[in-house]
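Okay, here's what each chain looks like letter by letter:
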Amino acid sequence: MVATEVKARPQPSGAERLDGDGLMLSGVSRTYSMREGGAVRALAGVSLDAAHGELLAVVGPSGCGKTTLLELICGLQAPDGGEISCAPAALMPQRDLLLPWLDAADNAALALRIAGLSRVRARSRASSLFAELGLEGFQNARPAQLSGGMRQRVAFLRTLLSGKTLLCLDEPFGALDAITRAEMQGWLADALRREPRTVVLVTHDVEEAVMLADRIAVLSTRPGRVIEQLEVSLARPRVRTDGAVVALREHALGILSLGTAATGDVERAGGERAARGEDPRA
Ligand SMILES: Nc1ncnc2c1ncn2[C@@H]1O[C@H](COP(=O)(O)OP(=O)(O)OP(=O)(O)O)[C@@H](O)[C@H]1O
Ligand SMILES: [Mg+2]
């Protein structure tokens, strides 16, 4: 039992306090109109909040609107209904979207350059973190010369260096092998301890959510709704094999499978295709 660690959280009311650089979504909905008629309801009435410095993990089945949610928070698209209040946010997209003509250091330093730093200073600041992310020696490599996991780490660094206090990370460690993923999770936890930010972390990996989050929001199948929010009040650093971590992971997986029981393969495949930038209805 993890009764002391797991607390289902009620949905925040519209009047709930928004702390500093925190985040609040109230009744947010998003429906995509299809060119040839018809519509896809991605999100329906999503209410979530995160206080400054909190890490909110969002888990849910493929195609339930997680990427849509992050794009709404970052202002890349607008909701059809509901309200979003937050500080300007940086997005680490699900695909790395590095600029192919820039090398790894210039890609990582992009936000610093946009903020006005000279190329030398921006590269030097970004490069100083390359070793910690297992990228040492690849500063001058173009994205095409990097593995998928390395590109993902450069994109992750680019997001961290954005200077924004609200970070939206869309499956940041999804393309990494298990060992590197665990290292990166540890690195993120340390980085946030040193320099707290508000983070919305979308992940398919429930264990990752338990290891990193202050709270986990579980979404239903499309249209995504918040089925439940779990407070994770386990001490840090967390250990994967710790009984409370394992129990909470199983608890969250149970909620997720209940919420996705009605999902068909067609729906899942649609979300995966959309994530790859392909026609979800193909
Ligand atoms: N630009 C778009 N136009 C039309 N439909 C879209 C668009 N973007 C997403 N969708 C649809 O909205 C739904 C939610 O997509 P979204 O990418 O937000 O899901 P997701 O939860 O991030 O999925 P995954 O876990 O596979 O990444 C899907 O059914 C998808 O087909
Ligand atoms: Mg997605």
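Just so you know, these numbers come straight off a predicted model, no measurement behind them. (Residues numbered from 1 in each chain as written. Chains lettered and ligands numbered in written order. Predicted model: local features only at pLDDT ≥ 70, side-chain atom pairs only at ≥ 80, totals over all residues.)

### Topic: the environment of Ala 89
And then number 1: The residue Ala 89 is located in strand β6 (residues 89–92) in this model.
And then number 2: Exposure remark for Ala 89: the 24 C-beta atoms within 10 Å place this residue in the buried category.
And then number 3: In the structure, Ala 89 is positioned 74 residues away from Gly 163 in sequence and 9.4 Å away in space, judged by C-alpha atoms.
And then number 4: Not counting residues up to four positions away in its chain, the partners in contact with Ala 89 are Ile 73, Cys 74, Lys 164, Leu 166, Leu 167 and Cys 168. (Helix = DSSP H or I, 4+ residues; strand = E, 2+ residues; numbered from the N terminus. Buried ≥ 20, exposed ≤ 12 C-beta atoms within 10 Å, placed from the backbone. Contact = placed C-beta atoms within 7 Å.)

### What about the pairing of strand β8 (residues 198–202)?
And then number 1: Most of β8 sits inside the fold, with 5 of its 5 residues counted as buried.
And then number 2: With burial as the criterion, each face of β8 is covered, one bearing Thr 198, Val 200 and Val 202 and the other bearing Val 199 and Leu 201.
And then number 3: By the bridge criterion, 4 bridges tie strand β4 (residues 55–59) to β8 in an arrangement that is parallel. Residue Leu 55 lies in a different strand from β8, and its bridge partner there is Val 199.
And then number 4: Handedness of the β-α-β unit built from strand β7 (residues 166–170), helix α6 (residues 178–194) and β8 comes out right-handed. (Pairing = 2+ DSSP bridges. Right-handed = clockwise from strand over helix to strand, strands pointing away.)

### Comments concerning the sheet that holds strand β5 (residues 81–86)
And then number 1: Strand order across the open sheet formed by 3 strands is β3-β2-β5, with antiparallel pairing between neighbours. Whereas interior strands pair on both sides, the edge strands pair on one side only; in this sheet they are β3 (39–50) and β5. If you compare each strand with its neighbour and ignore which way they point, the axes differ by 25 degrees on average.
And then number 2: As paired elements, strand β2 (residues 23–33) and β5 share 5 bridges and run antiparallel to each other. Bridge assignment links Ser 26 to a residue of β5, and that residue is Glu 83. (Axes fitted to C-alpha atoms, helices over the stretch in contact; angles between N-to-C directions.)

### A word on unusual backbone geometry
And then number 1: Following Arg 222, the chain continues into Pro 223 via a peptide bond in cis, with omega recorded as -5 degrees.
And then number 2: Residue position: Pro 223 is located in the loop between β9 (215–219) and β10 (226–232).
And then number 3: Cis geometry marks the peptide bond from Arg 236 to Pro 237; its omega dihedral reads -5 degrees.
And then number 4: Here Pro 237 shows up in the loop between β10 and α8 (243–260).
And then number 5: Look at Leu 97: it is not a glycine, yet its phi comes out positive at around 50 degrees.
And then number 6: With respect to the helices, strands and loops of the structure, Leu 97 is situated in the loop between β6 and α2 (104–108).

### Quick notes on α6
Three or four residues apart is the spacing at which side chains of an α-helix point the same way, because the helix has 3.6 residues per turn.
And then number 1: With 17 residues, α6 extends 24 Å between its outermost C-alpha atoms, agreeing within 8% with the 24 Å of an ideal straight helix rising 1.5 Å per residue.
And then number 2: All of the buried residues along α6 are Met 184, Gln 185 and Leu 188. All buried residues of α6 fall inside an arc of 105 degrees around its axis, so they share one side. Every exposed residue of α6 that faces more than 90 degrees away from the buried side is listed here: Ile 179, Arg 193 and Arg 194.
And then number 3: Turning to α6, the residues buried within the fold contact α5 (148–160) and α7 (206–212). (Expected span 1.5 Å × (residues − 1). Arc of directions from axis to C-beta.)

Note that all results are geometric; they support no functional claim without further evidence.
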